[in-house]
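Topology and contacts: notes
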Amino acid sequence: MEFEQLCELIRDTLKISNVSLDRDTRLLSDLPEFDSLSLLILLKSLEEKYNISIEKAELSSDIFATIGSLWQFVKNKTKLDLGISLLYYPLNRNSKYRR
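First things first, this report covers the structure right here in the doc.

As a further point, take the nonpolar core. Core analysis: the largest hydrophobic core is formed by 24 residues, its most contacted members being Ile10, Leu27, Leu31, Leu46, Ile67 and Leu70. Mapped onto this core, the elements with two or more residues apiece are helix H1 (3-14), helix H3 (36-50) and helix H4 (67-88). The biggest single contributor to this core is H1, with 6 residues. With residues up to four places along the chain from it excluded, the contact list for Leu70 reads Leu6, Ile10, Leu27, Leu42, Leu46, Ile63 and Phe64.

Listed below in structure tokens is the structure:
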């Protein structure tokens, strides 16, 4: 996952195409467009785009402190979910990576 992809997803969700975003951009205070509804839409978009599942119990204000902290959370989730997927859905028998 590339950081810029996350920024584009945020821009699309908030409909803010001309705003510069970086890892230190604070979601809750630097972006007035970021409200509770956009949070829900962004979470759903993240789940769909990166094929991850985000549980309520995992969410905290720390994750949404900055775009960088959100990016780190999503990166960790994609690695975790990929590992779980491989446990339950092993590579097919024709794969060169099969044991």
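Picking up where we left off.
With that out of the way, let us pick up the packing of H1 against H3. Look at H1 against H3: their axes get within 10 Å of each other, and the N-to-C directions meet at 140 degrees. Classed by the angle they form, the pair H1 and H3 counts as oblique. For H1 against H3, the interelement crossing comes out right-handed. Residues Gln5, Leu6, Leu9, Ile10, Thr13 and Leu14 of H1 form the contact with H3, whose own contacting residues are Ser38, Ile41, Leu42, Ser45, Leu46, Lys49 and Tyr50. Taken together, the residues of the contact of H1 with H3 break down into 8 nonpolar, 4 polar and 1 charged.

Right, let's get into the side chain of Lys77. In this structure, Lys77 sits in helix H4. Here Lys77 falls in the buried class, since its relative accessible area comes to 7%.

So, about the packing of aromatic side chains. Centre distance and the angle of the planes are the two values used to describe a pair of aromatic rings. Applying the stated rule across the entire model yields 2 aromatic pairs. Ring geometry for Phe3 and Trp71: centres 5.4 Å apart, planes at 85 degrees, overall edge-to-face. Here the residue Phe3 occupies a position in helix H1, and Trp71 occupies one in helix H4, the gap between them amounting to 68 residues. Using a relative accessible area of 13% as the deciding quantity, one classes Trp71 as buried. With 6.4 Å between their ring centres and 35 degrees between their planes, Phe34 and Phe64 make a pair best called tilted. With Phe34 in the loop between helix H2 (27-30) and H3 and Phe64 in the loop between H3 and H4, this residue pair connects regions lying 30 residues apart in the sequence. Like Phe64, Phe34 is buried. Positioned over the ring face of Trp71 is Lys75, at 4.2 Å from the centre of the ring.

Turning our attention to the pattern of salt bridges. Pairs can form between side chains of opposite charge once their charged atoms are near each other. The tally for this structure, following the rule as stated, stands at 5 salt bridges. The salt bridge partner of Glu8 is Arg11, with a shortest N-O separation of 2.8 Å. With a gap of 3 residues between them, Glu8 and Arg11 both fall in helix H1, about one helical turn apart. Among the ionic pairs, Lys44 bridges to Glu48, the shortest N-O distance being 3.9 Å. Pair noted here: Lys44 and Glu48 are both in helix H3, with a separation of 4 residues, about one helical turn. Judged by its relative accessible area of 47%, Lys44 falls in the partly exposed class. One salt-bridge network, held together by shared partners, links Glu4, Glu8 and Arg11.

Thresholds, definitions, all that
Residues numbered from 1 in each chain as written. Predicted model: local features only at pLDDT ≥ 70, side-chain atom pairs only at ≥ 80, totals over all residues. Heavy atoms only, no water. Core = buried A, V, L, I, M, F, W, Y, C linked by side-chain atoms within 4.5 Å. Buried < 20%, exposed > 50% of the residue type's maximum accessible area, 1.4 Å probe, protein only. Helix = DSSP H or I, 4+ residues; strand = E, 2+ residues; numbered from the N terminus. Contact = heavy atoms within 4.5 Å. Axes fitted to C-alpha atoms, helices over the stretch in contact; angles between N-to-C directions. Parallel < 35°, antiparallel > 145°, perpendicular 65-115°, else oblique. Left-handed = near helix turned anticlockwise from the far one by under 90°. Nonpolar A, V, L, I, M, F, W, Y, C, P; charged D, E, K, R; others polar. Phe/Tyr/Trp six-rings, centres within 6.5 Å; stacked < 30°, edge-to-face > 60°. Lys NZ or Arg CZ within 6 Å of the ring centre and 35° of its normal. Salt bridge = Lys/Arg side-chain N within 4 Å of Asp/Glu carboxyl O.

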